[in-house]
Amino acid sequence: MKRVTLIALFLCTFKVYGQQNIKIVEKYNYEFYQFDSIADFRRVQFDSTANFSIAKFYSKAIFLYSNFNSTAEFSGVNFNSTADFLDLQFHSEAYFFNAKFGSTADFSGTQFKSKVDFFETRFSSIVYFLDTKFNSQAIFFNTKFDSTAHFHGVQFDSLAYFRDARFNHLTIFSGVHFKDKADFTSVILPDFLDFREIKSAEIVDLTKTKLDSAKAANGQKCYIDLRDSPIEKFRLTYDNFRVWKPDTIPDRLNFQKLTEVYEKLLKNFKDNGYTSSYETLDKEYQAFKDLQNPDASISKRLFNRVNYYWSNYGYNKEWIWFWTTLFLAVFTLFNWLFFPYLIKKVYAIDRIKEACPKKLLKSKKQLNFRRIDLAFLYTAFIFFGFKMSPEQINFKNTRSVTFILFQYIIGLICVGYLINFIISSGLIGG
């Protein structure tokens, strides 16, 4: 039987299991082999092609400190337990396409001197590529990362090909050095993408990435951390991304770094003509710089909220029509409730006072709908500043006069914004 023969060869000829510093000089074929216990290949030197295609590792697979001097074939392999490829040397091509890693996979410190292919590989658990070096093409085409993917400190000397890869969890590219092109076309984005402190010789284009359809339907975005990275080297729109920031900024240094990210990303969007992305990010930045600034005063935070509700940080100037109507309606209501008192004791507008029947001016409060039209005119004269006659104001009633002046000031502000909106929108003089 094939399996018995392989076991005999494995135990008698190669003497690999559980041993170290064994130099292997022949071609080794473990295709379809089933490793039922720990497969210990640490410090082994494979001088000829090592074929583990469609093998199954039911227990831990250890390739620690080994050297593959010829082709390493791991296509279709099932790693049901931990796969330890720590500090290896792959001097020739390495193929992992359609491999399945059911538990932790660790390629930290490993060097791939030739092409490595992870086409349609699935990492169901956490995978580490910490400080790994890819001296030639690194193919992660249609690779699935179901858990955290650590690429911290990786060096890509040639093409980093992540086209159609799917990242379902935390993904870390911090400290990565892209010496050639990085292809992220059609990549499914994770919830969080760490791109801190990267270096790149080419543009890192994220404009063709996309969100998982279910997450997109729920309005979820990918939070991206770009602190201490050359943001001018990135291309992305803000449709799928949001700048990552903590709920509370702990200190001034972190606030400054995030401020730098916002300002450089705004410049990036402006330079590349991403108008919609610029607007969305700018509104987010306006809220961030005051509301999450650890040194911001209460008045600055308050003004920020006013600026938001007033015109959405200047991006919805047409809201002035709503605010003008609202203020006019509210002031009309108050003036109607106290109309007799206001027009007799506080601020008399003669023509309106003359038009009001005397019997309706007998009390301070009288809910008479026959007077609401006059109350509206009274309010409009004050609010729009048609005419304010100081000689008709009774300054002895300080509180009431203050209320009248408050209406006048709010009205002036609204009129100013209305004029600005009409001119800037080209409704007149265009």
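Residues numbered from 1 in each chain as written. Predicted model: local features only at pLDDT ≥ 70, side-chain atom pairs only at ≥ 80, totals over all residues. Heavy atoms only, no water.

Caption draft 1: Layout of the overall build of the protein chain. A count of helical and extended segments in the protein chain gives ten helices and 36 strands. Per-residue burial for the protein chain yields a buried fraction of 44% across its 430 residues. Long-range contacts, defined as pairs at least 24 residues apart, comprise 33% of the intrachain contacts of the protein chain with a sequence gap of at least 6. For the protein chain, the exposed area adds up to about 21,300 Å²; of that, 54% sits on carbon and sulfur atoms. (Helix = DSSP H or I, 4+ residues; strand = E, 2+ residues; numbered from the N terminus. Buried < 20%, exposed > 50% of the residue type's maximum accessible area, 1.4 Å probe, protein only. Contact = heavy atoms within 4.5 Å. Areas by Shrake-Rupley, 256 points an atom, 1.4 Å probe, with all protein chains shown as cover.)

Caption draft 2: Layout of helix H7 (residues 339-346). Restricting attention to buried positions, one finds in H7 the residues Phe339, Pro340, Leu342, Ile343 and Val346. In the core, the buried residues of H7 are packed alongside helix H6 (319-337), helix H8 (350-355), helix H9 (372-383) and helix H10 (398-424).

Caption draft 3: Structural detail: the sheet that holds strand S24 (residues 149-150). A sheet is described by the order of its strands in space; here ten strands give the open sequence S4-S8-S12-S16-S20-S24-S28-S31-S34-S36, paired in parallel fashion. With partners counted over all chains shown, the strands left at the sheet margins are strand S4 (39-40) and strand S36 (241-243), one partner each. The pairing of strand S20 (residues 127-128) with S24 spans two bridges and is classified as parallel. Residue pairing in the sheet places Val127 in a bridge with Ala149 of S24. (Pairing = 2+ DSSP bridges.)

Caption draft 4: Inspection of the sheet that holds strand S27 (residues 166-167) at higher detail. As summarised here, the arrangement of the seven strands in space is S3-S7-S11-S15-S19-S23-S27, forming an open sheet in which the pairing is parallel. For this open sheet the edge positions go to strand S3 (34-35) and S27, each flanked by a neighbour on one side alone. Here strand S15 (residues 100-101) runs beside strand S19 (residues 122-123); their pairing, made up of two bridges, is parallel. What sits directly across from Phe101, in S19, is Phe123.

Caption draft 5: Expanded view of the packing of H7 against H10. Put simply, H7 and H10 touch, their axes get as near as 11 Å, and they point 100° apart. The pairing of H7 with H10 is recorded here as roughly perpendicular in orientation. In contact with Tyr341, Leu342 and Val346 of H7, H10 contributes Ser400, Val401 and Ile404. Here the contact of H7 with H10 is composed, by residue class, of five nonpolar, one polar and no charged. (Axes fitted to C-alpha atoms, helices over the stretch in contact; angles between N-to-C directions. Parallel < 35°, antiparallel > 145°, perpendicular 65-115°, else oblique. Nonpolar A, V, L, I, M, F, W, Y, C, P; charged D, E, K, R; others polar.)

Caption draft 6: Expanded view of the packing of helix H4 (residues 275-291) against helix H5 (residues 298-311). At their nearest, the axes of H4 and H5 sit 9 Å apart, and the two run at 160° to each other. With respect to H5, the axis of H4 lies roughly antiparallel. Remark: the crossing between H4 and H5 carries left-handed chirality. From H4, Gln286, Ala287, Asp290 and Leu291 reach across to H5, where they touch Lys300, Arg301, Asn304 and Arg305. (Left-handed = near helix turned anticlockwise from the far one by under 90°.)

Caption draft 7: Quick peek at H5. Between its terminal C-alpha atoms H5 stretches 20 Å, which fits the 20 Å expected from 14 residues at 1.5 Å a residue. Along H5, the residues classified as buried are Asn304, Trp310 and Ser311. Seen along its axis, H5 keeps its buried residues to an arc of 135°; they face one direction. Pointing more than 90 degrees away from the buried face of H5 are the exposed residues Ile298 and Leu302. Where H5 is buried, its residues contact H4, H6 and H10. (Expected span 1.5 Å × (residues − 1). Arc of directions from axis to C-beta.)

Caption draft 8: Seen up close, the packing of aromatic side chains. Throughout the structure, instances matching the rule amount to 95 aromatic pairs. On the basis of an interplanar angle of 10° and a centroid distance of 4.9 Å, the ring pair of Phe96 and Phe118 is categorised as stacked. Of the two residues, Phe96 is situated in the loop between strand S14 (94-95) and S15 and Phe118 in the loop between strand S18 (116-117) and S19; the sequence distance between them amounts to 22 residues. Pair check on accessibility: Phe96 and Phe118 agree, each one buried. (Phe/Tyr/Trp six-rings, centres within 6.5 Å; stacked < 30°, edge-to-face > 60°.)

Caption draft 9: Structural view of the side chain of Asn51. When you line up the elements, Asn51 lands in strand S6 (residues 50-51). According to the relative accessible area criterion, Asn51 is buried, its value standing at 13%. In this structure the side chain of Asn51 is engaged in a polar contact, spanning 2.7 Å, whose partner is the side chain of Ser53. Filtering out sequence-adjacent residues up to four positions away, Asn51 remains in contact with Tyr28, Asn29, Tyr30, Glu31 and Glu73. (Polar contact = N/O pair within 3.5 Å; in protein donor to acceptor, adjacent residues only side chain to side chain.)

Caption draft 10: Spotlight on the pattern of salt bridges. In this structure the tally under the stated criterion is 16 salt bridges. Linking Glu284 and Lys245 is a salt bridge whose minimum nitrogen-to-oxygen distance equals 3.4 Å. Of this pair, Glu284 sits in helix H4 while Lys245 sits in the loop between S36 and helix H3 (252-271), and the two are 39 residues apart along the sequence. Take Glu284: its relative accessible area is 16%, and that puts it in the buried class. Classification of Lys245 as partly exposed rests on a relative accessible area of 23%. Between Lys267 and Asp271 there is a salt bridge; the shortest N-O distance is 2.7 Å. (Salt bridge = Lys/Arg side-chain N within 4 Å of Asp/Glu carboxyl O.)

Caption draft 11: Expanded view of the side chain of Thr143. Here Thr143 is to be found in the loop between strand S22 (138-139) and strand S23 (144-145). Residue Thr143 is classed as buried on the basis of its relative accessible area, which comes to 0%. At 2.8 Å, the side chain of Thr143 forms a polar contact with the backbone oxygen of Phe118. Within the structure, Thr143 has its side chain in polar contact with the backbone oxygen of Phe140 (distance 3.1 Å). Apart from residues no more than four positions distant in its own chain, Thr143 is found in contact with Phe118, Glu120, Thr121, Phe123, Asp164, Ala165 and Arg166.

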